[in-house]
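Each chain, written out:
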Amino acid sequence: MQDRVIMLADFDYFYAQCEELRNPTIKDKPVVVGVYSGRTEESGAVSTSNYIARKYGVKSGIPLFLAKRKLEGTESVFLPVDHEYYDEISDRIMRIFRSYATSLEQVSVDEAYLDVTEQVEGSFEKARDYAQEIKADVKNQVGISFSVGVGPNKIVAKIACDSHKPDGLTIVKPIEAKIFLESLDVDRLLGVGKKTSVKMTELGIKTVGDLAKFDCQRLIEVFGKVMGIYFHNAANAVDNEPVQEQGEAESISRIGTLKQDTHDLEFILQKTDELTGDVFREVTEKNLSFKQVAIYVVRTDLSSKSRSITLDQPSKDKETIRRNVRVLFEKFLSESTLEIRRVGVKVSVFSRKEPRQKQLSNFFQMG
Ligand code: TTP
Ligand code: CA
C-alpha cells in the first residue's frame, strides 16, 4: 500500500484569534475570551486566550477572576464567547480545506484532518509546500493562522501538530514516525486518559516507546482486545483509520447580516437567496439529501429565533429550500413585528449513504 499523507490542521488560539480578526486594535494586548456565568460580574471561566495573555499564565479553564488578577496592570481585553461568529469563520476555512483534500474530517470547530495523498502524490516533500500553500490561502481569504502536522496517519499528524504552535508546520515522514513518538509521555496518545495512564505506570510504561515494546498480549489482558491492540499499534505509529467525512449527523447552514434592519419579506428573501445558494452548493458537493429546512433570525433587540419545516420526502433540490424559506419567513413576520438584523438558512436531517463506521472515539470512554 502506498503511504498516506495526512494533515491535521488546528487553528491557533481560535476564539481569541477570531476576536482579533474582528477588531485588530486588540492584537497587541492580552486577549481573553470567556464564558460569563452571570452570577457575579467576574464569575465564569476562560475559554481561551491569545499568546500574549498566555505569557501571564492565563489559559483555558481557569476562573475569570484569576485571569483578571494575573493580568492586572496590563491593557487586557476580556470578551464573552460568540459561538456563531466562530462557527461562521470555521465553516469558511473548512470549505477552503475541502478544495485541497480528497477527504476532510472535521473533529471540532477548530480542527480537521485532510487526506492529501493524491494531491501531493504521496510525497512528504511536496506536502511541505502544499501545507504552506493552504496556510497562505486561508490567511489571505479569511485572515486566520493555524498549525499543521503532517504524518503517515492521523495519530502521528495530531502529535506532530501539537509539537509546534502557533503557526507551526511539522512534518513527520513514515520512516521517522516511530522515533518521533518514542520519547513522548504515553498520555500524549489519544485515548490514554488519567485512569489508563495510572494503570500503564503500574505496568512500568512511561513513554510511548515503553508502550511500543510492551507485550501486546499483556496489553489485551489488561485493557481488553480493542484498546490493547489500539495501544500497541498507536505506539508503533500504526494507524489505518481513514479520514472520513462526519457528514450524516450535522447540518449545513449559512448566516448573514442584512444591509439594514427590516421587516420587509422581499428584502429578507434577497439575502436568504444568497445564503440558500451557498447552502445548496455545499449540499451538492457532499452529495446529501435533506429532510428539514430551517430559518434563523436575530432581531434588533438581539433576541434570536428559529423555525423549521420537515419535508415529506428527502430532497436535493435548491427550489425546495427557497420555497420553504419563503413560507417560514412569511409566517414568522406575521407573528413578530420587530425588525430583523441577521438571518440564517439551514438544512439538516440528511439521508445516510452508508451506516456510520464505528469510530475509535467510541472506545475512549474507559479513559
Ligand atoms: P484549543 O485548540 O485547545 O485551543 P486554542 O485554539 O485556543 O489554542 P491553540 O490551539 O493555539 O493552543 O481549543 C479550541 C477552542 O475551543 C478554543 O479557542 C476555545 C475552545 N475551548 C474552550 O472553550 N474551553 C476549553 O477548555 C478549551 C481547551 C478550548
Ligand atoms: Ca486550536
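These numbers come from a predicted model, not from an experiment. (Residues numbered from 1 in each chain as written. Chains lettered and ligands numbered in written order. Predicted model: local features only at pLDDT ≥ 70, side-chain atom pairs only at ≥ 80, totals over all residues. Heavy atoms only, no water.)

J.: What should I look at first to understand the coordination of the calcium ion (ligand 2) in this one?
T.: Tetrahedral coordination by four donors places them ideally at 109.5 degrees to one another around the metal; octahedral coordination by six donors ideally gives 90 or 180 degrees. Protein coordination at the calcium ion (ligand 2) comes from D10 (OD), F11 (O) and D110 (OD), with a distance range of 2.2 to 2.3 Å. Its six donor atoms give the calcium ion (ligand 2) angles of 81 to 176 degrees at the centre, a pattern that matches the octahedral case. Of note, the donors binding the calcium ion (ligand 2) are all from one chain and are spaced D-F-x98-D. Here D10 is found in strand β1 (residues 6-11), whereas its partner D110 is found in the loop between β5 (103-108) and β6 (111-115), with 100 residues between them in sequence. Take D10: its relative accessible area is 4%, and that puts it in the buried class. (Donors = N, O, S within 2.8 Å, 3.2 Å for Na, K, Ca; no water. Tetrahedral: all angles 85-135°; square planar, octahedral: opposite > 155°, others 65-115°. Helix = DSSP H or I, 4+ residues; strand = E, 2+ residues; numbered from the N terminus. Buried < 20%, exposed > 50% of the residue type's maximum accessible area, 1.4 Å probe, protein only.)

J.: Honestly, the sheet that holds strand β3 (residues 44-49) in this entry has me stumped. Any pointers?
T.: Sheet strands pair by backbone hydrogen bonding; their relative direction is either parallel or antiparallel. Pairing is mixed across the open sheet formed by three strands, whose spatial order is β3-β2-β4. Bordering the open sheet on either side are β3 and β4 (77-80), each of which pairs with just one other strand. Direction aside, the axes of adjacent strands within the sheet are offset by 35 degrees on average. The sheet contact formed by strand β2 (residues 31-36) and β3 spans five bridges and is antiparallel. Bridging from a neighbouring strand, Y36 pairs with G44 of β3. Across the sheet, helix α1 (residues 14-22) lies against β2, β3 and β4, angled at about 115 degrees from β2, the strand it touches most. (Pairing = 2+ DSSP bridges. Axes fitted to C-alpha atoms, helices over the stretch in contact; angles between N-to-C directions. Contact = heavy atoms within 4.5 Å.)

J.: Before we go on, may I ask you to explain the confidence of the model for the protein in this structure?
T.: Low pLDDT means the predicted coordinates in that region are not meant to be read closely. Here the protein averages 91 in pLDDT, while 94% of its residues score no lower than 70. Note that pLDDT drops below 50 for residues 352-367; the model gives that stretch 28 contacts with residues more than four away or on any other chain. (pLDDT = per-residue confidence, 0-100.)

J.: What exactly am I supposed to notice about the sheet that holds strand β12 (residues 340-350) here?
T.: Ordered in space as β9-β12-β10-β11, the four strands form an open sheet in which the pairing is antiparallel. Each edge of the open sheet is held by one strand with a lone partner, namely β9 (252-262) and β11 (304-315). On average, adjacent strands in this sheet sit at an angle of 15 degrees to one another, irrespective of strand direction. The sheet contact formed by strand β10 (residues 290-299) and β11 spans eight bridges and is antiparallel. Note on β11: the bridge partner recorded for V293 is I309. Together, β9, β10 and β12 form the strand contacts of helix α4 (residues 83-98), whose direction differs from that of β9 by roughly 125 degrees. Where helix α12 (residues 265-285) meets the sheet, it contacts β9, β10 and β12, and its direction lies at approximately 165 degrees from that of β9.

J.: How should the nonpolar core be read in this particular structure?
T.: One recurring pattern in soluble globular proteins is that nonpolar side chains are buried together. One finds M7, F97, L114, I134 and V150 to be the most contacted residues of the largest nonpolar core, which totals 40 residues. Residue assignment for this core shows that the elements contributing at least two residues are β1, α1, β2, α4, β6, α5 (124-141), β7 (146-151) and β8 (169-171). Counting residues per element, this core draws most heavily on α4, at seven residues. Not counting chain neighbours up to four residues away, the residues in contact with I134 comprise M7, F97, Y100, L114 and F146. (Core = buried A, V, L, I, M, F, W, Y, C linked by side-chain atoms within 4.5 Å.)

J.: When you look at α12 in this model, what are you seeing that I'm missing?
T.: Helical geometry note: an α-helix holds 3.6 residues per turn, so side chains three or four residues apart project in the same direction. Between its first and last C-alpha, α12 extends 29 Å over 21 residues, near the 30 Å set by a 1.5 Å rise per residue. Within the span of α12, buried status applies to L265, I268, L269, K271, T272, L275, T276, G277, V279, E282 and V283. In this fold, the buried residues of α12 make contact with α4, β9, β10, α13 (318-335) and β12. N-cap assignment for α12: the residue whose side-chain oxygen lies 3.3 Å from the backbone N of E266 is D264. N287 lies just past α12 and shows a positive phi near 55 degrees. (Expected span 1.5 Å × (residues − 1). Polar contact = N/O pair within 3.5 Å; in protein donor to acceptor, adjacent residues only side chain to side chain.)

J.: Looking at this structure, how should I read the site of ligand 1?
T.: Around ligand 1, 13 residues are found, and the nearest of them are Y13, T48, Y51, R54 and K165. In this structure, F11 approaches ligand 1 through a main-chain N or O atom, which is 3.2 Å from an oxygen atom. At a separation of 2.8 Å, an oxygen atom of ligand 1 approaches a polar side-chain atom of Y51. Considered on its own, ligand 1 offers 550 Å² of accessible surface; in the complex 69% of this is hidden by protein. Of all elements in the fold, only β1, α1, β3 and α2 (51-55) reach the threshold of two or more residues within the shell around ligand 1. When grouped by side-chain class, the residues that make up the shell around ligand 1 number five nonpolar, three polar and five charged. (Near = heavy atom within 4 Å. Areas by Shrake-Rupley, 256 points an atom, 1.4 Å probe, with all protein chains shown as cover. Nonpolar A, V, L, I, M, F, W, Y, C, P; charged D, E, K, R; others polar.)

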